[in-house]
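Letter by letter, the chains look like this.
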Amino acid sequence: MILYTPMQLELVLAGLEQMTHYPERRTTVNGVPALVRNVGGREELVQLLSTDPKDYLRTDLYPGAQVIPSR
Amino acid sequence: MSYYQSFDEVPGIFPYHPPSQPGPETDPHRPENPGDDPDTERTKVVGKSKTTMETVKEMGATQVPEIKSNIHCLTIVGQIEGHLVLPPQNKTTKYEHMIPQLVALEQSPEVEGIVVVLNTVGGDVEAGLAIAEMISSLSKPTVSVVLGGGHSIGVPIAVATDYSFIAETASMTIHPIRLNGLVIGVPQTYEYLDKMQDRVVRFVTAHSHITQDKFRELMFRTGELARDIGTVLIGHDAVQCGLINEVGGVKQAMNKLKSLVEEWKSRNEVPLQ
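Residues numbered from 1 in each chain as written. Chains lettered and ligands numbered in written order. Predicted model: local features only at pLDDT ≥ 70, side-chain atom pairs only at ≥ 80, totals over all residues.

The name an unreviewed UniProt entry assigns to chain B is Protease subunit of ATP-dependent protease, from the organism Desulfoscipio gibsoniae DSM 7213.

With an unreviewed UniProt entry as reference, chain A is termed YlzJ-like protein, source organism Desulfoscipio gibsoniae DSM 7213.

Some points on the overall build of chain B
Counting secondary structure elements, chain B contains 8 helices and 8 strands. Split into buried and exposed, the 273 residues of chain B put 30% on the buried side. The contacts of chain B with a sequence gap of at least 6 include a subset with a gap of at least 24, amounting to 67%. (Helix = DSSP H or I, 4+ residues; strand = E, 2+ residues; numbered from the N terminus. Buried ≥ 20, exposed ≤ 12 C-beta atoms within 10 Å, placed from the backbone. Contact = placed C-beta atoms within 7 Å.)

Topic: the interface of chain B and chain A
Each partner contributes to the interface: chain B provides 34 residues, whereas chain A provides 24 residues. Listing elements by their share of the side of chain B that touches chain A, those giving two or more residues are helix 1 (52-59), helix 2 (95-107), strand 3 (113-124) and helix 3 (125-136) of chain B. Here the side of chain B that touches chain A takes 7 residues from helix 2 of chain B, the largest share from any one element. Along the lines of polarity and charge, the residues of the side of chain B that touches chain A split into 12 nonpolar, 18 polar and 4 charged. Taken together, the 2 bridges between strand 1 (residues 3-4) of chain A and strand 3 of chain B define a ladder with antiparallel strand orientation. (Nonpolar A, V, L, I, M, F, W, Y, C, P; charged D, E, K, R; others polar. Pairing = 2+ DSSP bridges.)

Comments concerning the nonpolar core
Side chains that are nonpolar tend, in soluble globular proteins, to be buried together. Membership of the largest hydrophobic core comes to 51 residues, with the highest contact counts inside it found for Val-115, Val-116, Leu-118, Ile-131, Ile-135, Val-146 and Ile-157 of chain B. Take this core: its biggest share by element is 7 residues, from helix 3 of chain B. Setting aside its immediate chain neighbours within four residues, Leu-118 of chain B contacts Ile-76, Ser-144, Val-145, Val-146, Leu-147, Gly-150, Gly-154, Ile-157 and Ala-158 of chain B. The next biggest cluster of nonpolar side chains, apart from the first, holds 7 residues, and it includes Ala-34, Leu-45, Leu-48 and Ala-65 of chain A. (Core = buried A, V, L, I, M, F, W, Y, C linked by C-beta atoms within 7 Å.)

Brief notes about the packing of helix 3 of chain B against helix 5 (residues 187-207) of chain B
For any two helices packed against each other, one specifies the crossing angle of their axes together with the interaxial distance. All names here are of chain B. Two elements in contact, helix 3 and helix 5, have axes whose closest approach is 11 Å; the angle formed by their N-to-C orientations is 25 degrees. The orientation of helix 3 with respect to helix 5, classified from their angle, is roughly parallel. The element helix 3 and its partner helix 5 pack so that their crossing is left-handed. In contact with Val-125, Leu-129, Ala-132 and Ser-136 of helix 3, helix 5 contributes Met-196, Arg-199, Val-200, Phe-203 and His-207. (Axes fitted to C-alpha atoms, helices over the stretch in contact; angles between N-to-C directions. Parallel < 35°, antiparallel > 145°, perpendicular 65-115°, else oblique. Left-handed = near helix turned anticlockwise from the far one by under 90°.)

Brief notes about the confidence of the model for chain B
Residue-level pLDDT values for chain B average 84, and 77% of them are 70 or greater. For this predicted complex, the interface score ipTM comes out at 0.90, alongside a pTM of 0.76. (pLDDT = per-residue confidence, 0-100.)

As for helix 2 of chain B
All names here are of chain B. The first and last C-alpha atoms of helix 2 sit 18 Å apart over 13 residues, in line with the 18 Å expected at 1.5 Å per residue. Of all the residues in helix 2, the buried ones are Tyr-95, Met-98, Pro-100, Leu-102 and Leu-105. Those residues of helix 2 hidden inside the fold are in contact with strand 1 (71-81), strand 2 (92-94), strand 3 and helix 3. (Expected span 1.5 Å × (residues − 1).)

Digging into the environment of His-236 of chain B
Residues and elements named next belong to chain B. Residue placement: His-236 occurs in helix 7 (residues 236-240). Looking at His-236, the number of C-beta atoms within 10 Å reads 12, which means it is exposed. Taking the C-alpha atoms as reference, His-236 lies 23 Å from Ser-136; in sequence the two are 100 residues apart.

Some thoughts on unusual backbone geometry
Phi at Asn-30 of chain A takes a positive value of approximately 50 degrees, unusual for a residue other than glycine. With respect to the helices and strands, the residue Asn-30 of chain A is situated in the loop between strand 2 (24-29) and strand 3 (32-39). Its 13 C-beta neighbours within 10 Å are what place Asn-30 of chain A among the partly exposed residues. The residue Ser-152 of chain B is not glycine, and still its phi comes out positive at about 45 degrees. For Ser-152 of chain B, the location among the structural elements is in the loop between strand 4 (142-150) and helix 4 (154-159). On the neighbour-count criterion, Ser-152 of chain B (27 C-beta atoms within 10 Å) is buried.

Here's the deal with the sheet that holds strand 3 of chain A
All names here are of chain A. Strand order in the open sheet made by the 3 strands is 2-3-4, with antiparallel pairing throughout. One side of each edge strand has no neighbouring strand; the edge strands of this open sheet are strand 2 and strand 4 (42-48). Strand-to-strand, the axes of this sheet are offset by a mean angle of 45 degrees, without reference to chain direction. With 6 bridges connecting them, strand 2 and strand 3 associate as antiparallel partners. Bridging from a neighbouring strand, Thr-28 pairs with Pro-33 of strand 3.

What follows is the structure, given as structure tokens:
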């Protein structure tokens, strides 16, 4: 990966080692397949896994959104 | 319980006949104050919809009343995140969400034009070029506005649209791609970087009026940046060298997009037989 940015790399990558990794799991949110992680008791959407492009225009599903995944 | 028992212990047969026909004189067995009845346990259920402030706090977004616009706005901010998740102090644009979104925009019949708003400090070369290629290959009219900054890999994204604007005070930094990550001191490393740079240069020159020589000259100019070689183009400078079409803000961009949409619609109209 090559970063092309005028910002200092030390600034961009600061804290890379301290980043906590939350385990991610595959589930469906409102019928849409997605990667979800639990951050401090709240379910956060990481990435949509849907193949339907329309799902990516939904206003309730975006990376970082708080969601209620189906069990 | 006994108060409310209005059915038989053993289910009756339809039609139901009460034991005695009630008349105007019959006591309906209604307690005077049902809340005082110690036998009944009740819980009060209160519904409440979220206020605007609450949604802002929780989601960082407000619920906008649903008026569907025929124009879609794509914002590209902060670092364009590549294959590596950047530490949380970075504001990032996630390409894995943007790319299918662009597919959806191309497909959806209600979207007629796309405005790309840029305020970015660059980011991953591959992810940036991927977004730029997606935008340039859309069949629908696109307009970009550079506000604040559109640096490094923001440059190809800004020029990828049909028409580009830059705010008078906005700046664009053009500089060479440098090595970060694994450095191996062999001539091939330099060649690899050079190829990477060529991809950016070729895309920018193919989608704007700047010549390759001019762009490379700006990229390797010395004495402009304190810590690096390269150039910072501010507002009019970017227009003068042919990189950006016009100086302007949201108003100019929306007017241009509207006229492009009209043109596109008339071109795509099915002639009546």
